[in-house]
Amino acid sequence: GQQVMQIPQYQHVQEGEDFTTYCNSSTTLSNIQWYKQRPGGHPVFLIQLVKSGEVKKQKRLTFQFGEAKKNSSLHITATQTTDVGTYFCALASNTGKLIFGQGTTLQVKP
Amino acid sequence: EAQVTQNPRYLITVTGKKLTVTCSQNMNHEYMSWYRQDPGLGLRQIYYSMNVEVTDKGDVPEGYKVSRKEKRNFPLILESPSPNQTSLYFCASSLRQSRNQPQHFGDGTRLSIL
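Residues numbered from 1 in each chain as written. Chains lettered and ligands numbered in written order. Predicted model: local features only at pLDDT ≥ 70, side-chain atom pairs only at ≥ 80, totals over all residues. Heavy atoms only, no water.

(A) Inspection of the interface of chain B and chain A at higher detail. Taken residue by residue, the interface counts 23 residues in chain B and 23 residues in chain A. Approximately 1800 Å² of surface area, both sides summed, lies buried where chain B meets chain A, with 51% of it carried by carbon and sulfur atoms. Taken together, the connections running from chain B to chain A amount to zero salt bridges. Where chain B packs against chain A, one counts five residue pairs in polar contact (both at pLDDT 80 or more). Of all elements in the fold, only strand E4 (31-38) and strand E5 (42-51) of chain B reach the threshold of two or more residues within the side of chain B that touches chain A. Element by element, the count of residues in the side of chain B that touches chain A is highest for E5 of chain B, at five residues. The residue inventory of the side of chain B that touches chain A, partitioned by class, reads nine nonpolar, ten polar and four charged. (Contact = heavy atoms within 4.5 Å. Buried area = accessible area lost by both parts, 1.4 Å probe. Salt bridge = Lys/Arg side-chain N within 4 Å of Asp/Glu carboxyl O. Polar contact = N/O pair within 3.5 Å; in protein donor to acceptor, adjacent residues only side chain to side chain. Helix = DSSP H or I, 4+ residues; strand = E, 2+ residues; numbered from the N terminus. Nonpolar A, V, L, I, M, F, W, Y, C, P; charged D, E, K, R; others polar.)

In structure tokens, the structure reads:
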């Protein structure tokens, strides 16, 4: 079945450094969603990307969808301690399934 | 307040004792689903429901049952729980299962099966 691979699994950064997590698929993706889960919390929807080469920004977060629609990335500029958590990408298939990547857990040292 | 409510939030039980985790949403959403979250494995979909009386298997349905008799409720049933079902469970809903609908998650249920 369709799978989404997410890397890295963990990332420790110093506050102020940048952070990037990547989602990759062997097949073309119709869309990709990104979620954030704070420690002890539940996943919260951040954004959805649909178009080839799409770039969307939310303050210090930049989301990209690859030109071939086989990969996506989330980049955080100048991390803050409030960015701590696990970031998931997810693919919604047309059969109703939602497939999540394994997640990238971000730790930020103040 | 729009929300997805799961109960219980925590449960410790023993192998073989049937249990039900309830999930209710007040947003009139058509699509509901259950996930389990295990370290290193991310979120894996157990079952989903596109609407009332319509349910389908996700990636890890073995050992679980669901029902969707009303639009707002989507209980997860473990008929004979086993220790490998110890996990963090999330219920989620969305307006409908088209590709641009965000999932709204409940607060989670932590199950420990001894």
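Next, the rest of the story.
(B) Geometry of the confidence of the model for chain A. Scored by pLDDT, chain A comes out at a mean of 93, with 99% of its residues at no less than 70. Element-level mean pLDDT values for chain A span from 87 in strand E10 (residues 98-100) of chain A up to 98 in strand E7 (residues 61-65) of chain A. (pLDDT = per-residue confidence, 0-100.)

(C) Focus on the packing of aromatic side chains. Summed over all chains, the structure comprises twelve aromatic pairs over all chains. Ring centres of Phe100 of chain A and Phe105 of chain B lie 6.2 Å apart, and the angle between their planes is 70°; this geometry places the pair in the edge-to-face category. Of this pair, Phe100 of chain A sits in strand E10 while Phe105 of chain B sits in strand E10 (residues 104-105), each in a different chain. Overall, Phe100 of chain A belongs to the buried group, its relative accessible area being 7%. Assessed through its relative accessible area of 6%, Phe105 of chain B is described here as buried. On the numbers, 5.9 Å between centres and 65° between planes, the contact of Tyr64 of chain B with Tyr89 of chain B is edge-to-face. Separated by 25 residues along the polypeptide, Tyr64 of chain B in the loop between strand E6 (54-57) and strand E7 (65-66) and Tyr89 of chain B in strand E9 (residues 87-94) bring together distant segments of the chain. A single burial state applies to Tyr64 of chain B and to Tyr89 of chain B, both of which are buried. Taken together through their ring pairs, the aromatic side chains of Tyr35, Phe45, Phe88 and Phe100 of chain A together with Tyr35, Phe90 and Phe105 of chain B make up a single cluster. (Phe/Tyr/Trp six-rings, centres within 6.5 Å; stacked < 30°, edge-to-face > 60°. Buried < 20%, exposed > 50% of the residue type's maximum accessible area, 1.4 Å probe, protein only.)

(D) Up close: the side chain of Asp83 of chain A. Residue and element names in this part refer to chain A. Mapped onto the fold, Asp83 is located in the loop between strand E8 (71-76) and strand E9 (85-92). Within the structure, the side chain of Asp83 is placed 2.7 Å from the backbone nitrogen of Gln80, a separation counted as a polar contact. In this structure Asp83 touches Lys36, Arg60, Ile76 and Leu106, once residues within four positions along its chain are discounted.

(E) Structural detail: a nonpolar patch on the surface. A contiguous nonpolar surface patch, about 330 Å² in accessible area, is contributed by Ile12, Val14 and Leu114 of chain B. On the secondary structure map, Ile12 of chain B appears in strand E2 (residues 10-13). (Patch = residues over 30% accessible without salt bridge, like charges linked within 9 Å, V, L, I, M, F, W, Y side chains within 5 Å. Areas by Shrake-Rupley, 256 points an atom, 1.4 Å probe, with all protein chains shown as cover.)

(F) Quick look at the state of the cysteines. Applying the stated criterion across every chain, the model contains two disulfides over all chains. The partner cysteine of Cys23 of chain A in its disulfide is Cys89 of chain A, sulfur to sulfur 1.5 Å. Across the disulfide from Cys23 of chain A to Cys89 of chain A, rotation about the S-S bond amounts to roughly -85°, and the bridge is consequently left-handed. Here the residue Cys23 of chain A occupies a position in strand E3 (residues 19-24), and Cys89 of chain A occupies one in strand E9, the gap between them amounting to 66 residues. Here Cys23 of chain B engages in a disulfide with Cys91 of chain B; their sulfurs sit 1.9 Å apart. (Disulfide = S-S within 2.5 Å.)

(G) Layout of the sheet that holds strand E3 (residues 19-25) of chain B. The strand order across the open sheet formed by four strands is E1-E3-E8-E7 (chain B), and the pairing between neighbours is antiparallel. The open sheet has two edge strands, strand E1 (4-7) and E7 of chain B, and neither has a second partner. (Pairing = 2+ DSSP bridges.)

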